[in-house]
Amino acid sequence: MADSEAGTSRDAARASAGEYQVFLSFRGPDTRNGFTDFLYRDLENVGFRVFRDDEELRVGDVIGESLLCAINSSIIYIPIFSVTYADSKWCLRELANIVENVSKSEGQKRVLPIFFHIEPEDVKLKTPLYSDALSRHAMKFPDEVQAWRAALEEVGKIKGWNVKEDQSQAKIVNSVVRELLEKMDIKQKILPRHLVRHHAQVKRLIESLDINQSDVRLIAIYGMGGIGKTTVAQVVFNQLSSSHFGSHCSFLEDVRESSSTKEGIVRLQKKLLSDIVGSRFAEQVKDWEQGMKRIGEALSNKAVLVVLDDVADEPHIESLIGNCSLPSGSRIIITTRDKTIPSDEGFNGEIQRYEMPEMDAPLALQLFCRHAFGKNFPRDDYCSLSNEIVSSIGGLPLAVEVIGSSLKRRDKAVWEETLVNLKKVPKEKILKRLKISYDGLDKNQKQIFLDIACFFFNEKKTNPIYMWASCQFNPLGEIEVLIERCLIKILDNDKFWMHDQLIALGREIVHEDSLDEFGKQSRLWIAEEAIEIIRTEERKDKVQAVDIDGLDDSIEITNQEFERLQKLRFLKLRNGTFVGDFAKCCSKLRWISWRCPRQDFRPDNMYLDHLVVFELGANGFTDDSKAWNLIEDAPV
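Cut-offs and rules
Residues numbered from 1 in each chain as written. Predicted model: local features only at pLDDT ≥ 70, side-chain atom pairs only at ≥ 80, totals over all residues. Heavy atoms only, no water. Phe/Tyr/Trp six-rings, centres within 6.5 Å; stacked < 30°, edge-to-face > 60°. Buried < 20%, exposed > 50% of the residue type's maximum accessible area, 1.4 Å probe, protein only. Helix = DSSP H or I, 4+ residues; strand = E, 2+ residues; numbered from the N terminus. Lys NZ or Arg CZ within 6 Å of the ring centre and 35° of its normal. Core = buried A, V, L, I, M, F, W, Y, C linked by side-chain atoms within 4.5 Å. Arc of directions from axis to C-beta. Contact = heavy atoms within 4.5 Å. Pairing = 2+ DSSP bridges. Axes fitted to C-alpha atoms, helices over the stretch in contact; angles between N-to-C directions. Salt bridge = Lys/Arg side-chain N within 4 Å of Asp/Glu carboxyl O. Parallel < 35°, antiparallel > 145°, perpendicular 65-115°, else oblique. Left-handed = near helix turned anticlockwise from the far one by under 90°.

Regarding the packing of aromatic side chains
Here is step 1: Counted according to the given criterion, the structure contains 20 aromatic pairs.
Here is step 2: An angle of 70° between the planes, with centres 4.9 Å apart, marks the rings of Phe 81 and Tyr 85 as edge-to-face. Both residues of the pair, Phe 81 and Tyr 85, count as buried.
Here is step 3: Taking the centre distance of 4.7 Å and the plane angle of 70° together, the rings of Phe 570 and Trp 591 count as edge-to-face. Taken together, the residues Phe 570 in strand E17 (residues 570–574) and Trp 591 in strand E19 (residues 591–595) connect sequence positions 21 residues apart.
Here is step 4: Judged by its relative accessible area of 5%, Trp 591 is buried.
Here is step 5: Feature note: the residues Phe 455, Phe 456, Trp 468, Phe 496, Phe 570 and Trp 591 constitute an aromatic cluster, connected by ring pairs.
Here is step 6: Stacked on the ring of Trp 90, the Lys or Arg Arg 93 has its end atom at 5.1 Å from the ring centre.

Some details on the nonpolar core
Here is step 1: Core analysis: the biggest nonpolar cluster contains 82 residues, and Phe 368, Ile 389, Phe 449 and Trp 468 have the highest contact counts within it.
Here is step 2: In terms of residue count, helix H22 (residues 443–456) provides more of this core than any other element does, eight residues in total.
Here is step 3: Among the nonpolar cores identified, the runner-up in size contains 30 residues, and Phe 81, Val 99, Val 111 and Leu 125 belong to it.

Comments concerning helix H18 (residues 383–393)
The periodicity of an α-helix, 3.6 residues per turn, causes residues three or four positions apart to be oriented the same way.
Here is step 1: Within H18, burial applies to Leu 385, Ser 386, Ile 389, Val 390, Ser 392 and Ile 393. Mapping the buried residues of H18 onto a view down its axis gives an arc of 160°, with all of them on the same face.
Here is step 2: In this structure, the buried side of H18 is in contact with helix H17 (361–372), helix H19 (397–406), helix H20 (412–424) and helix H21 (430–439).
Here is step 3: Residue Gly 394 follows H18 closely and has a positive phi angle near 95°.

Details of the sheet that holds strand E14 (residues 523–524)
Here is step 1: Sheet architecture is open: five strands sit in the order E14-E15-E17-E19-E20, paired in parallel fashion. Two strands lie at the open edges of the sheet, namely E14 and strand E20 (613–616), each paired on one side alone.
Here is step 2: Both strand E15 (residues 545–548) and E17 contribute to a ladder of four bridges, which runs parallel. Each bridged residue has a counterpart across the sheet, and for Ala 545 the counterpart in E17 is Phe 570.

A closer look at helix H10 (residues 199–209)
Here is step 1: Turning to H10, its buried residues are Gln 201, Val 202, Leu 205, Ser 208 and Leu 209. Angular distribution of buried residues about the axis of H10 spans 130°; they occupy a single face of the element. Seen from the buried face of H10, the exposed residues on the opposite side, beyond 90 degrees, are His 199, Ala 200 and Lys 203.
Here is step 2: Downstream of H10 by a residue or two, Asp 210 has a phi angle that is positive, lying close to 35°.

Overview of the sheet that holds strand E9 (residues 305–311)
Here is step 1: If you trace the five strands from one edge of the open sheet to the other, you get E8-E9-E10-E7-E11, paired in parallel fashion. Two strands close off the open sheet at either side, each with one partner strand: strand E8 (249–252) and strand E11 (350–355). With direction set aside, neighbouring strand axes in the sheet form an average angle of 15°.
Here is step 2: Those strands touched by helix H16 (residues 314–321) are E8, E9 and strand E10 (331–336), and its axis lies near 150° from that of E9.

Some remarks on the pattern of salt bridges
Here is step 1: If you walk through the whole model with that rule in mind, you get 27 salt bridges.
Here is step 2: Note that Glu 119 is salt-bridged to Lys 164, the shortest N-O span being 2.5 Å. Of this pair, Glu 119 sits in the loop between strand E5 (114–116) and helix H6 (120–123) while Lys 164 sits in the loop between strand E6 (161–163) and helix H9 (169–183), placing them 45 residues apart in sequence.
Here is step 3: Glu 119 gets classed as partly exposed once you look at its relative accessible area, which sits at 35%.
Here is step 4: Across the salt bridge formed by Arg 379 and Asp 381, the nearest N and O atoms sit 2.9 Å from each other.
Here is step 5: A network of salt bridges, in which partner residues are shared, links Asp 215, Arg 217, Arg 331 and Glu 350.

What to know about the pairing of E17
Here is step 1: With five of five residues buried, E17 is to be regarded as a mostly interior element.
Here is step 2: Of the two faces of E17, the one carrying Phe 570, Lys 572 and Arg 574 and the one carrying Leu 571 and Leu 573 are both buried.
Here is step 3: Bridge count for E17 against E19 is five bridges, and the pairing is parallel. Counterpart to Arg 574 in the pairing with E19 is Arg 595.

Topic: the environment of Lys 540
Here is step 1: Summarising the element assignment, Lys 540 is placed in the loop between helix H26 (527–535) and E15.
Here is step 2: Exposure remark for Lys 540: the relative accessible area of 1% places this residue in the buried category.
Here is step 3: Spatially, the C-alpha atom of Lys 540 lies 6.6 Å from that of Lys 520, the residues being 20 residues apart in sequence.

So, the environment of Lys 495
Here is step 1: Looking at where Lys 495 falls in the secondary structure, it is placed in the loop between strand E12 (489–490) and strand E13 (496–497).
Here is step 2: Here Lys 495 falls in the partly exposed class, since its relative accessible area comes to 25%.
Here is step 3: C-alpha of Lys 495 to C-alpha of Lys 461: the two residues are 34 residues apart in sequence and 5.6 Å apart in space.
Here is step 4: Discounting chain neighbours no more than four positions away, the residues touching Lys 495 are Asn 458, Glu 459, Lys 460, Lys 489 and Ile 490.

Overview of the environment of Val 145
Here is step 1: Summarising the element assignment, Val 145 is placed in helix H8 (residues 145–156).
Here is step 2: Beyond its immediate chain neighbours, meaning those up to four positions away, Val 145 contacts Leu 134, His 137 and Ala 138.

Here's the deal with the packing of helix H7 (residues 128–140) against H8
Here is step 1: Relative orientation of the contacting elements H7 and H8 amounts to 165°, with a least axis distance of 10 Å. Looking at the two axes, H7 sits roughly antiparallel to H8. Once H7 is placed against H8, the crossing between them reads as right-handed. Only Val 145, Trp 148, Arg 149 and Leu 152 of H8 make contact with H7, whose side of the interface consists of Tyr 130, Leu 134, His 137 and Ala 138.

Structure follows, in C-alpha cells:
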C-alpha cells in the first residue's frame, strides 16, 4: 500500500499502463510500516514491479479502475493475512478479484499467501477470527459476502509462509523474494538488506556504460576488498538486466576463488552458458577449453551483459568471455582489486576504469545505524558516540557493517570500549579494525568463525554442524550470532559464505595465536605445512583441524604420528592413507574426509569413539577393506 497520496497517484498511473508484476494485498494498520514495507522494498530492490495500494485513501464502495488494472496486469498475488485483514471490505474485494483473475489465467498466475501472526485455519474460516468479521459484513454487503467467503476458503488452502511473533521477519521476506525470483525466472541479484544507496556511483557507471550506443564496452570497478564494489555491480546489473538485456545476462560471483582450479573455471563457464543460452548447452561442457569454445559460440550473435565479480588475473577474463568479438551493444563489468586488470590489449572494445571511493561520512553513519539500531539514524543518547565510532572506522562498508552489528543491543560501556580500541588502530589496518568484532565473540563463536575461515567457507553447512554439535559448540545458536554480526552468510545452496577480508582475518588470528610456530597452530590448511608438522616427533596439543589436499605424491600417516595429534577433531586427507597399529591412539576425531582412489584403508585397530562424520569419495578400497570396520564401529 502506498505511503502517501502522491505515492498512490504514481502507482495508479503505472497500474493503468499495466506495468506491475506483483500485487500486495494487506491491511495497512497491521503491517504497512513493518513487514509489508520490508517486503515491498526488497522486491523492488531486485527489480520486481510491485503494486501496493492504500485502502485508507479510497472513497466509495467500488474498486477503482487503476486498482483493477493493477490486479489484472499482475502475475503474482501476495495477500498478507493479518489479524484485522477480514475487517476491511477493501481487502476482501481485492482478494475476490484476485481469485477470479487467477481462475481465468489457465495456470499463468499464482497466489502466494502470507499468514502474519494468524493461522491458515483462520483464513479457511475454521475459527471465529475471520468468520465473525464476515458475519458483521453480511449486514451491509449481503451480495458480496458469499464471494469473499469463497475467496478466503480457497486461498487459505494454499501453502504459504507463516510469520510467527517470535520469528525473524527478515528471513521470511528473504524466502519470499527468492521464491518469486525462481518462479519468474528472473536473474536479479538479491541486495543486502541494509543497503545504503550508492546513487552517485551507480549513475556514473550507467552513464559510462551508455546502453544506447552500439559499441562494445568493458568497465573495471577497482578498489580494496570490502569497499562495496560487488554491491554497486549488483545494483547496476539489476537495473540493466531488467530494463534492457532481459535473459541475455549473467552475474558470475567469486571469480578469483572459483578460478583457482580447472573444475572451478568449468563451473563458472557452465553458469554463464546456462544463464544466457540454457542449461542444455552448459551440460555439454566437459573441460575449460571446450567451455571457451561454447562461450565463443554463445556470445556471437546477441548483445549480452556479463558481470565478472572479483577478478584477480587476466586469464580469468579470457576463460570466461574468450577472445571472440562480442556482439554490438554488449557490456562487460568486472570488479577487481588490481587497477591494471584488464590490460588494454586483447579486448575488442572500449575499456574504462572506475575507482570505487570510500563511503562518505553521512552514508557510513546511515549504514552503521541500520546495523546497530535497525534504523537510519542513531538514538539521541548515542548520537555523539556513533559519529565518533564511524569516524574511527573510516569509509570501508564491510568494517562499518561488522562493527555496527557487533554493537547492536550492547551496553554503552561496550560502545565506549570499542571506540577506545578503534582509536588505537591506524585506519589502514583493516584487519585490526575487523578483529575488534571478533574479540567480542564468546569461545564457541570464535571456534566456529575460525573453522569457517580456514576450511568451510563455500562448503555446505551440514557436516560442520554435526562436528560442532559433537564438540558442544552449540552451533545453531552460535551460527545465528555470526550471521547477525555480518561475519558469515548462508547462501541458498546451504553453503557458508565469508568475505575474503574476514577469511584473511581468521587465518591471521590463527597465526598470531601460535606466534607463527606452525606446530602450535590450532588449524593447518596448507598441505605442505601440515605434512611437515605431522612428521615432527613432538606432541601437537594445539592442533584441532588439518587439511591435507593438493599434494601430488601419496602420503601415509602412521599410528605414531596420529597419536601425537591428541586434540585433532577434523582431518581432510586426499591422496593418502593410514598405516600401523592404532590400538593405543585415543583420538577425539569427529570428522574424517578421505579420498584416495589408488590406495586402500590400511590401519589396524583404529577405533574412533567420537566420530560423527566419515566422508568418502572416489576411494579404491575393496569389499573386505578395513574402512568398513571403522564405519561399523563408529558411534551411532
